[in-house]
Amino acid sequence: MKINLEESANHRVAMLGALLKRHIFRIIAKNQVEITPDQWVVLYYLWQQDGMTIGEIAEKTNKDFANVTRIVTKLEFAGYITKKQSETDSRKIIVEILPKADKIKDKVQQCWQDSMDIALKGVSNEEQQQLIAIIDKMERNIKESM
């Protein structure tokens, strides 16, 4: 079997993901916000539900535990979040937002919106919904095989 990467859905989705990540990073840097796209994703979920464990963040972001731990450590060092041990389970670390993160929330979300506006130019709402449905199926398939 001969594989053509340019016609492989998996490869194209992975390449698009990498391209989107570079694009949002440039927009964030241009707006002088000192945060990475991966850090923003973690903050996004904490803004939705403050006080999550690292395991919960890993599940929400589809990142492995070690990667989330590294991101959380960098966010803590930058003063965006704080970590504390769970009062009910000493093995769990609870991650909470600090005011510094709230100060950049609107600016970072605007950067994300600017990136989406560029990437989705000419893509109808119907096409976006179809794309999301396909991505959902692919994610489900992968998670089931793990």
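Predicted, not measured: the structure shown is a model, and the values here were computed from it.

**Some points on the environment of Leu75**
Part 1 of the reasoning: In this fold, Leu75 is placed in helix H4 (residues 65–77).
Part 2 of the reasoning: Residue classification places Leu75 among the buried positions, given a relative accessible area of 0%.
Part 3 of the reasoning: Between the C-alpha atom of Leu75 and that of Gly17, which follows or precedes it by 58 residues, the distance is 22 Å.
Part 4 of the reasoning: Ignoring any residue separated from it by four or fewer positions in sequence, one finds Leu75 in contact with Ile35, Gln39, Val42, Leu43, Tyr80 and Ile81.

**Overview of the packing of helix H1 (residues 9–30) against helix H5 (residues 99–119)**
Any two packed helices are characterised by how steeply their axes cross, that is the angle between the axes, and by the distance between the axes.
Part 1 of the reasoning: Look at H1 against H5: their axes get within 9 Å of each other, and the N-to-C directions meet at 130 degrees. Taken together, the axes of H1 and H5 are oblique relative to one another. Every pair of crossing elements has a handedness; the one defined by H1 and H5 is right-handed. For the pair H1 and H5, contact is made by Leu20, His23, Ile24, Ile27 and Ile28 and by Cys111, Trp112, Asp114, Ser115, Ile118 and Ala119, respectively.
Part 2 of the reasoning: Partitioned by chemical class, the residues of the contact of H1 with H5 number 8 nonpolar, 2 polar and 1 charged.

**Description of a nonpolar patch on the surface**
Part 1 of the reasoning: Side chains of Met1, Ile3 and Leu5 sit close together on the surface and give an oily, nonpolar patch of about 430 Å² of accessible area.
Part 2 of the reasoning: For Ile3, the location among the structural elements is in the segment before H1.
Part 3 of the reasoning: For Ile3, a relative accessible area of 61% puts it in the exposed group.

**Regarding the packing of helix H2 (residues 37–48) against helix H3 (residues 54–61)**
Part 1 of the reasoning: Across the interface, H2 lies against H3 with an axial gap of 10 Å and an inter-helix angle of 110 degrees. For the element pair H2 / H3, the angle class is roughly perpendicular. For H2 against H3, the interelement crossing comes out right-handed. Contacts between H2 and H3 pair Val41, Val42, Tyr45 and Leu46 from the former with Ile57, Lys60 and Thr61 from the latter.

Reading guide: rules and limits
- Residues numbered from 1 in each chain as written.
- Predicted model: local features only at pLDDT ≥ 70, side-chain atom pairs only at ≥ 80, totals over all residues.
- Heavy atoms only, no water.
- Helix = DSSP H or I, 4+ residues; strand = E, 2+ residues; numbered from the N terminus.
- Buried < 20%, exposed > 50% of the residue type's maximum accessible area, 1.4 Å probe, protein only.
- Contact = heavy atoms within 4.5 Å.
- Axes fitted to C-alpha atoms, helices over the stretch in contact; angles between N-to-C directions.
- Parallel < 35°, antiparallel > 145°, perpendicular 65-115°, else oblique.
- Left-handed = near helix turned anticlockwise from the far one by under 90°.
- Nonpolar A, V, L, I, M, F, W, Y, C, P; charged D, E, K, R; others polar.
- Patch = residues over 30% accessible without salt bridge, like charges linked within 9 Å, V, L, I, M, F, W, Y side chains within 5 Å.
- Areas by Shrake-Rupley, 256 points an atom, 1.4 Å probe, with all protein chains shown as cover.
- Salt bridge = Lys/Arg side-chain N within 4 Å of Asp/Glu carboxyl O.

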